[in-house]
Amino acid sequence: MNSLSTNQQTIDNQGGLEELIQILGYETLRKSALAAMLDSGCFEIRGERLCLTSKARPSVVLGFVYESLIAHALRQDFWLRWKVFNWCTEQAYTQEEVYSGKGYKDINELLFSIKVICKGGNFTKYQEPQEYCPSCSNDIIFIVKNRLAMRDEVVGGFQIKAITQGEMKNIINPILQGKYQYVLTIFGDSYSRCMKRIQELVKKEQITQEIANSLITKIITAQNLGKDIELLCDWMGKKLYKFIVKGKKIENLQNQFLLDGAINYSLSELGGNYIYIPNVNDFIVPQPLIKIGN
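Positions within a chain are numbered from 1, following the residues in the order the chain's sequence is written. Where local features are concerned, this predicted model is filtered to residues with pLDDT of at least 70; where side-chain atom pairs are given and counted, the filter is 80 or more; whole-chain, interface and lining totals use all residues. Only hydrogens and water are set aside; all other atoms, that is, all heavy atoms of the structure, feed into the side-chain values.

## Some details on the nonpolar core
Here, nonpolar core refers to any group of buried Ala, Val, Leu, Ile, Met, Phe, Trp, Tyr and Cys residues whose side-chain atoms link them within 4.5 Å. Throughout this description, buried means an accessible area under 20% of the type-specific maximum (1.4 Å probe, protein chains only), exposed means over 50%, and partly exposed covers the range between. Counting 48 residues, the largest nonpolar core has Ile-70, Leu-74, Phe-142, Phe-158 and Met-236 as its most contacted members. Elements represented by at least two residues in this core include exactly helix H2 (26-39), helix H3 (58-76), helix H4 (78-88), helix H6 (107-111), strand E3 (115-118), strand E4 (140-146), strand E5 (151-161) and helix H11 (227-246). With 9 residues, H3 is the single largest residue contributor to this core. Core analysis: the next-biggest nonpolar cluster, separate from the first, contains 17 residues, Ile-175, Ile-198, Ile-207 and Leu-215 among them. Secondary structure elements are defined from DSSP: runs of H or I of at least 4 residues count as helices, runs of E of at least 2 residues count as strands, and each element is numbered from the N terminus.

## What to know about the pairing of E3
On E3, burial covers both faces: Lys-115 and Ile-117 on one face and Val-116 and Cys-118 on the other are all buried. Strand pairing is assigned whenever DSSP detects at least two bridges linking the two strands. For E3 and E4, the ladder comprises 4 bridges, and the chain directions are antiparallel. Of the residues in E4, the one forming a bridge with Ile-117 is Ile-141.

## Observations concerning the packing of aromatic side chains
The criterion for an aromatic pair is that two Phe, Tyr or Trp rings (for Trp, the six-membered ring) have centres within 6.5 Å, with stacked assigned to planes under 30 degrees apart, edge-to-face to planes over 60 apart and tilted to the rest. Tallying each qualifying case throughout the model produces 9 aromatic pairs. Considering the side-chain rings of Trp-87 and Tyr-182, the 5.3 Å spacing of their centres and the 70 degrees angle between planes classify their relative orientation as edge-to-face. Here Trp-87, found in helix H4, pairs with Tyr-182, found in the loop between helix H8 (167-176) and strand E6 (183-185); they are 95 residues apart in sequence, far enough to count as distant. Put simply, the rings of Trp-82, Phe-85, Trp-87, Tyr-93, Phe-142, Phe-158 and Tyr-182 pair up and form one aromatic cluster. Whether a charge sits over a ring comes down to the Lys NZ or Arg CZ being within 6 Å of the ring centre and within 35 degrees of the ring normal. If you follow Lys-218 out to its NZ or CZ, it ends over the ring of Tyr-182, 4.6 Å from the centre.

## With respect to the packing of H3 against H4
For any two helices packed against each other, one specifies the crossing angle of their axes together with the interaxial distance. Taken N-terminus to C-terminus, the directions of H3 and H4 make an angle of 110 degrees; their axes are 5 Å apart at the nearest point. By the angle between their directions, the pair H3 and H4 is classed as roughly perpendicular. Each of Ala-73, Leu-74, Arg-75 and Gln-76 in H3 lies in contact with H4, whose residues at this interface are Phe-78, Leu-80, Arg-81 and Val-84. Counted by class, the contact of H3 with H4 contains 5 nonpolar, 1 polar and 2 charged residues. Axis definition: a line fitted to C-alpha atoms, limited for helices to the stretch in contact. Angles are taken between N-to-C directions and run from 0 to 180 degrees. When an angle is under 35 degrees it counts as roughly parallel; over 145 it counts as roughly antiparallel; between 65 and 115 it counts as roughly perpendicular; any other value is oblique. Here a residue-residue contact requires only that any non-hydrogen atoms of the pair lie within 4.5 Å. For this classification, Asp, Glu, Lys and Arg are treated as charged, while Ala, Val, Leu, Ile, Met, Phe, Trp, Tyr, Cys and Pro are nonpolar and the rest, including Gly, are polar.

Structure (structure tokens):
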């Protein structure tokens, strides 16, 4: 399978906030953004402020946020979870001998047992510490309970990349060398460069067409997860990057808005970046931090 099909029920045209609100609803959008930031481990709530606490490079911070965001989407959307699971397990679990070998009488039982783990997420760190590993080769893994052996088993996973250059070094070579098995590259331009580079390698006879075909199946982009996910990643990336990089360096930036008004932020007179969350006491951590699966 070369890629996952784009969700046809989502909006097919390019857009930003208006499309996202139409798809997700304003409160779901706001809570999804907040939960991804909190679960990333790069932000924390202090009083009524969501503070940027990480000293990592902006691209690294965004990477952790994207991991939490994608994990949230997989937990929330049953069929998206199944499609991505099939992609990184090469559809092995559609075969009766495979799922019955784990103690499941039919594929539906297996579907509801799939657990999504974000290896670098705060939820994993505190609730699933045995699975916490921000530097592992897979940023997101799928766990299925083996009912016959009475144990949880990691059956698939993938790496997430939020890069704008260096695809050969950061995606293609690591797959060829066996460091990564599957990669979701967030940005469509990055995916296009991967495909172009793979064909160049074939023309230069550095890899065979068979290897190229295998590489193509191992790389997808946010667009393959649906237009809503693509827009959300693009929207959050641009807004968060601006906040993280520029922060208080922006002149006369007081009581401005992050994420087009979904979250307020201000700049501390004492220095440092923080985001102000109105009615923080009413904020309930939504679905991204809820375990799904047996």
